[in-house]
Amino acid sequence: MLFFSYFKDLVGQEVTVELKNDLAIRGTLHSVDQYLNIKLENTRVVDQDKYPHMLSVRNCFIRGSVVRYVQLPPDGVDVDLLHDAARREARGG
Amino acid sequence: MSWSAPDDIFFSTSLAAYLDKKLLVLLRDGRKLMGLLRSFDQFANAVLEEAYERVIVGDLYCDIPLGLYIIRGENVVLIGELDTEKEELPAQMIQVSEAEIKRAQKAEKEEMLLKGTMRKRMEFLDLD
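All residue numbers refer to position in the chain's written sequence, counted from 1. Chain A is the first chain written and ligand 1 is the first ligand written, with later ones labelled in order. The predicted origin of the model limits local features to residues at a pLDDT of at least 70 and limits the giving and counting of side-chain atom pairs to 80 or more, whereas totals for whole chains, interfaces and linings rest on all residues. As a rule here, side-chain values cover all heavy atoms of the structure and leave hydrogens and water aside.

What about the confidence of the model for chain B?
All names here are of chain B. Overall, the prediction assigns chain B a mean pLDDT of 90, with 91% of residues at 70 or greater. pLDDT runs from 0 to 100 and stands for how confident the predictor is about each residue. Numbering of helices and strands starts at the N terminus; helices are DSSP runs of H or I of at least 4 residues and strands are runs of E of at least 2. Mean pLDDT across the elements of chain B ranges from a minimum in helix 1 (residues 8-11), with 58, to a maximum in strand 2 (residues 32-40), with 97. If you check the scores for this complex, the pTM reads 0.87 and the ipTM reads 0.90.

Notes on the pattern of salt bridges
If charged atoms from side chains of opposite charge come close, those side chains can pair. Residues and elements named next belong to chain A. Only one rule defines a salt bridge in this text: a Lys or Arg side-chain nitrogen within 4 Å of an Asp or Glu carboxyl oxygen. Counting across every chain of the model gives 15 salt bridges over all chains. For the salt bridge of Arg87 with Asp84, the shortest nitrogen-to-oxygen distance reads 3.2 Å. With Arg87 and Asp84 both in helix 2 (residues 79-91) and three residues apart, the pair spans about one turn of that helix. For Arg87, a relative accessible area of 43% puts it in the partly exposed group. Burial classes: relative accessible area under 20% of the type maximum marks a residue as buried, over 50% as exposed, and values in between as partly exposed (1.4 Å probe, protein chains only). Classification of Asp84 by relative accessible area gives partly exposed; the value is 36%.

A short note on the environment of Asp63 of chain B
All names here are of chain B. Topologically, Asp63 is positioned in strand 4 (residues 60-71). C-alpha of Asp63 to C-alpha of Glu53: the two residues are 10 residues apart in sequence and 5.5 Å apart in space. Polar contacts here mean pairs of N or O atoms no more than 3.5 Å apart (in protein, one a potential hydrogen donor and the other a potential acceptor; neighbouring residues in sequence count only if both atoms are side-chain atoms). A polar contact of 2.8 Å, which involves the side chain of Asp63, links it to the side chain of Arg54.

Considering the side chain of Glu18 of chain A
Residue and element names in this part refer to chain A. Within the secondary structure, Glu18 sits in strand 1 (residues 14-19). Its relative accessible area of 17% is what places Glu18 among the buried residues. Of the polar contacts made by the side chain of Glu18, one reaches the side chain of Gln71; its length is 3.4 Å. Excluding residues that lie within four positions of it along the chain, Glu18 makes contacts with Leu23, Ala24, Val67, Arg68, Tyr69 and Gln71. Note on contacts: a residue pair is in contact if any heavy atoms of the two residues lie within 4.5 Å.

This is how it looks when you write it as structure tokens:
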């Protein structure tokens, strides 16, 4: 629940999602759900030449189970808030 | 599962916004399927109509028709909406027949195997 809430607050930000198959996609976070499935808008692939089939894809749905990393802008994260939330969650709150 | 209100399809992660659209589906085994999304569920199982597999080897590609497909959600990596106003592939790519793409795939596989065995033979040299 913690990360679901966290990603909900990040909607609208530019993120880069790196998948387990090494594909990395940059885009605006449109939405997220309880499985941490991600919908990105205005997408561009990081290494476009390696993935020609992705050329005309502008919006996509990414299944949560295939995400390796979600890269965020450093100032897009309130680390202290996240830290407190994690502590509360760990305490069983 | 409760039925979402009409507006929710635009803001939520549901695939409802992609219904009846031509999509690219990437599978875990590296396959690229394309077709019209007709149905889906909470596991991202999907029904694709007029589906075809786009096989790409270097600058060659081939679209192999598949018909009506049900995809099990656990195999889905990504579902992408294709911008109909943009070119689906770079201009230098050439469409070839199924027989030719299968030959190209075989050649690429053999090249990979050869690279693998040569690398193994070179390992003792400790060049890296």
